[in-house]
Amino acid sequence: MVMFRMRHARSAFARGCALVAGATLLVFAPLAGAQTLWPTARQWDQARVQSASVPAWRTVIAAQRRIADAALTSEPKPVAVLTTGGRLRGDPLKARTEEGLQDMDKIQALAITYRLGHDPRHAAKAGDYLLRWAQVNRPTGQPIDETGLEPAIFGYRLVRADLASATRESVDGWMRRIAEAEMGSRELKKKTATNNWHSHRLKIVGLIGFALGDARLIAYARDGLRAQINDNLLASGESVDFQERDALSYHVYDLRPLVTLALAFGEQGEDFYHWKAANGASIAHSVAWLMPYLKGEKTHAEFVRSDVRFDKARSDNGERGHVVGSLYAPRDALPLLFLAAAYDLDCAALAEQLSDGRPNWRLAFNLLPAAGAPGG
């Protein structure tokens, strides 16, 4: 088993262990222990203390509470078949999917707010949303469509033990169907067997495995993650997605699920972020390869050498971030930086810089000491 090796970067965080959020100083203890995707009991306790005394933490928690409280008086909008992959902005089916997937952030916020405040209304409402989706949604195994379910999977683990057994049984069944469809959809002869599709597939299966405590799903994700780092990432730091699409946006989109899954395995003392494959590749190295572009030391014109027809179609459709020749915008990498901050304080500092000091709950939790088991 590979144990964690926390890299202490020379940054404002490492020197002062502080995050400046606007004009407010948000102080964190030094990174300690294995950071995990789901906060530990210690982190939940510290978040409660911080939100009571530190303005920036109050902002972080208040943002989640606003979403959660609004969700209490809203109704779910489950979608029978999710479809976003390969569809252009403006496509009515894609728009319907995107509207429905807004429920996922509500489920996540309800679960986070419940863990912080223990108001049973928040857990019950999260269960209502999850149950409605379990009753309506039909998994397809298309990882680009179903990756948007991640916040709901994350939130489900936080409230699962406190839901009625009938609700838990229905949601468990739905999530297992998602995982089975994903595992069954991989076609080894296609590029999607090792490109960003499979990174998202592994994330979905792995997170469901952790949410349900399903050792078989967790093992599939663990074995797949090792192989994917070798098959998808190169010793140079580039990804096969960057080489195929000539776009940093695809490199970032590919790394996000890999870092997410690495954080999940942190619970078991495994460090897949720094783990090096037989070909010399690692997630950490591929994030480091990206950093000069995010710091403004380099620029990249997107999709110039891509021969994928969909890339041209999105460019012709004028979709932001997909216009051929447009420069990659570093701010678009913030979701990745918020995750990678758990391992690299340079990523944390850059995330704070690019987000103009607006606090983010994932970044905030990633900078709290993580010793202990997941809990609430």
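Cut-offs used in this document
- Residues numbered from 1 in each chain as written.
- Predicted model: local features only at pLDDT ≥ 70, side-chain atom pairs only at ≥ 80, totals over all residues.
- Heavy atoms only, no water.
- Helix = DSSP H or I, 4+ residues; strand = E, 2+ residues; numbered from the N terminus.
- Rg over C-alpha atoms; globule rule 2.2 N^0.38 Å.
- Buried < 20%, exposed > 50% of the residue type's maximum accessible area, 1.4 Å probe, protein only.
- Contact = heavy atoms within 4.5 Å.
- Axes fitted to C-alpha atoms, helices over the stretch in contact; angles between N-to-C directions.
- Parallel < 35°, antiparallel > 145°, perpendicular 65-115°, else oblique.
- Left-handed = near helix turned anticlockwise from the far one by under 90°.
- Nonpolar A, V, L, I, M, F, W, Y, C, P; charged D, E, K, R; others polar.
- Arc of directions from axis to C-beta.

Trainee: What exactly am I supposed to notice about the overall build of the chain here?
Mentor: Scanning the chain from terminus to terminus reveals 18 helices and 2 strands. In summary, the chain has a C-alpha radius of gyration of 20 Å against a globular reference of 21 Å for 376 residues, a match within 12%. Overall, the C-alpha framework of the chain stretches about 55 × 50 × 40 Å when taken along its three principal axes. Looking at the 376 residues of the chain, the share that counts as buried comes to 55%. For the chain, the proportion of contacts with a sequence separation of at least 24, taken over those separated by at least 6, is 75%.

Trainee: Looking at this structure, I do not really get the packing of helix 11 (residues 215-232) against helix 13 (residues 248-265). What am I missing?
Mentor: Contact geometry of helix 11 with helix 13 gives a least axis separation of 11 Å together with a crossing angle of 135 degrees. With respect to helix 13, the element helix 11 is oriented oblique. Seen along the crossing, helix 11 lies across helix 13 with a hand that is left-handed. Across from Ile-218, Ala-221, Arg-222, Leu-225, Gln-228 and Asn-232 in helix 11, the residues of helix 13 making contact are Asp-254, Leu-258, Leu-261, Ala-262 and Phe-265. In the contact of helix 11 with helix 13, the residues fall into 7 nonpolar, 2 polar and 2 charged.

Trainee: What's the story with unusual backbone geometry in this structure? I'm lost.
Mentor: If a residue is not glycine, its phi is most likely negative; likewise, a peptide bond is most likely trans. Positive phi is not limited to glycine here, since His-118 has a value of about 60 degrees. By secondary structure assignment, the location of His-118 is in the loop between helix 5 (102-117) and helix 6 (120-136).

Trainee: Can you help me understand helix 15 (residues 309-316) in this one?
Mentor: Residues separated by three or four positions in an α-helix point in the same direction, a consequence of the helix having 3.6 residues per turn. Three or more residues of helix 15 are buried, namely Asp-311, Arg-314 and Ser-315. Within helix 15, the buried residues cover an arc of 100 degrees as seen down the axis, which keeps them to one side. Structural note: helix 15 exposes Arg-309, Lys-312 and Asp-316 on the side pointing more than 90 degrees away from its buried face. Against the buried residues of helix 15 lie helix 12 (240-245) and helix 13.

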